[in-house]
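As a plain string of letters, each chain reads:
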Amino acid sequence: GNMVEWCLPQDIDLEGVEFKSMASGSHKIQSDFIYFRKGLCFGLACFANMPVESELERGARMKSVGILSPSYTLLYRYMHFLENQVRHQLEMPGHYSHLEAFYDDKKGVLPDSKGTPSSQQPVHWLPSIHRYMYPEMKITHPAGCMSQFIKFFGEQILVLWKFALLRKRILIFSPPPVGVVCYRVYCCCCLANVSLPGLGGTVPESKPFFYVNVADIEMLETEVSYVACTTEKIFEEKRDLYDVYVDNQNVKTHHEHLQPLLKINNADKEKYRRLNDQRQMLMYSQEVGEDCSSCEEDLFILFFMEQNNRIFQTLMEVSASQDKTLTADHARGMGLDPQGDRSFLMDLLEVYGIDVMLVIDNPCCT
């Protein structure tokens, strides 16, 4: 099995990290990277697999070198260092001087096992829903990860968007390599960004758990909202652990009341068309040499944030009005389909505790 070969500080609780930092099935690939969560901290590890002429190691030497931090937003900066170090550890096992120097340079205050820091408050690891989280998150991952996410899922991102906004438990399955799938977890959380103050104080945070395995089952049983990925097919059978299961581009749910949300309606198609139009305009402006300070990643994140803000702004205005009536015109004004998004709207009102009366009638048969 996997084992922790070396760590600093030596007294830190790393139980289970040897399985989080090396995805199940990794022996079939040459290299990978993996984001994961350990207690209140987040980790990034780089994995590499090198053939060796050794019966003891069964012809292959596999290692992961990783770091833990209270915040995942800066981990990407150290990807290159970790890639170099895992290669170094494969070729020269047992030489840790570079890792020791890195730790001495970067070490900070980590929370103890009770979640309280030993001296000063650590970086808040995930902004809550009513905080303007975009500037903090845009440096998290490399350019291109959001556009790849959109290309991969196509119109299905509108389905994922609704589930993310409803704070559902979303589990993404994929065989290794898992690095790009960890980016999909991050992108999925970005779909639910809202920057309106004072919204949803009691709403669960959309937590990116990144990679999870069977050792995380007990922890996942207690979570009411998360986005995670796994390489272990056994999770599909454990329906009590998730609301939404994503296998490649196939998004599905076993909850009957959520089934209507799987259907792409006209308003969804219109949103997807607008998103692509904005993308084409951006690419054109870059081609003709205009000063284009925003990039594709910014465009995607802001597109969904503005969409979410419009929905919640309308809902809060209606709930503050005298008759609290939400009409079909309101739904259209929010960019939603009055009929196709009815169940989505009802769930949204319940999850966020917004007091309005929905009077969108079902269409009559003539």
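Now for a look at the structure at hand.

Reading guide: rules and limits
- Residues numbered from 1 in each chain as written.
- Predicted model: local features only at pLDDT ≥ 70, side-chain atom pairs only at ≥ 80, totals over all residues.
- Heavy atoms only, no water.
- Core = buried A, V, L, I, M, F, W, Y, C linked by side-chain atoms within 4.5 Å.
- Buried < 20%, exposed > 50% of the residue type's maximum accessible area, 1.4 Å probe, protein only.
- Domains from an automatic or database assignment.
- Contact = heavy atoms within 4.5 Å.
- Axes fitted to C-alpha atoms, helices over the stretch in contact; angles between N-to-C directions.
- Helix = DSSP H or I, 4+ residues; strand = E, 2+ residues; numbered from the N terminus.
- Left-handed = near helix turned anticlockwise from the far one by under 90°.
- Nonpolar A, V, L, I, M, F, W, Y, C, P; charged D, E, K, R; others polar.
- Expected span 1.5 Å × (residues − 1).
- Arc of directions from axis to C-beta.
- Polar contact = N/O pair within 3.5 Å; in protein donor to acceptor, adjacent residues only side chain to side chain.

Things to note about the nonpolar core
Now for step 1: Among the nonpolar cores identified, the biggest contains 93 residues, and Phe 312 and Leu 315 are the most heavily contacted of them.
Now for step 2: Looking at which domains feed residues into this core, each of domain 1 (17–103) and domain 2 (136–316) supplies at least three.
Now for step 3: Dropping the residues within four chain positions of it, Phe 312 is found in contact with Leu 165, Val 194, Leu 196, Leu 199, Leu 348, Tyr 352 and Ile 354.
Now for step 4: The next biggest cluster of nonpolar side chains, apart from the first, holds 12 residues, and it includes Leu 220, Phe 235, Leu 241 and Tyr 242.

Section: the packing of helix α9 (residues 266–287) against helix α10 (residues 296–320)
Axes are the key here: two packed helices are described by the angle between their axes and the distance separating the axes.
Now for step 1: Running from N to C, α9 and α10 point in directions that differ by 145 degrees, and their axes come no closer than 11 Å. The element α9 and its partner α10 pack so that their crossing is right-handed. Across from Lys 271, Arg 274, Leu 275, Gln 278, Arg 279 and Leu 282 in α9, the residues of α10 making contact are Glu 296, Leu 299, Phe 300, Phe 303, Phe 304, Gln 307 and Arg 310.
Now for step 2: Looking at the contact of α9 with α10 residue by residue, the classes come out as six nonpolar, two polar and five charged.

Concerning α9
Now for step 1: Taking 1.5 Å of rise per residue, the 22 residues of α9 would be expected to cover 32 Å, and the 31 Å separating its terminal C-alpha atoms lies within 8% of that figure.
Now for step 2: Those residues of α9 that sit buried are Ala 267, Asp 268, Lys 271, Tyr 272, Leu 275, Arg 279, Leu 282 and Ser 285. Within α9, the buried residues cover an arc of 150 degrees as seen down the axis, which keeps them to one side. Residues of α9 that are exposed and point over 90 degrees away from its buried face: Asn 266, Gln 280, Met 281, Tyr 284 and Glu 287.
Now for step 3: Residues of α9 that are buried sit in contact with α5 (145–153), α6 (156–165) and α10.
Now for step 4: Measuring from the side-chain oxygen of the N-cap residue of α9 to the backbone nitrogen of Ala 267 gives 3.0 Å; that N-cap residue is Asn 265.

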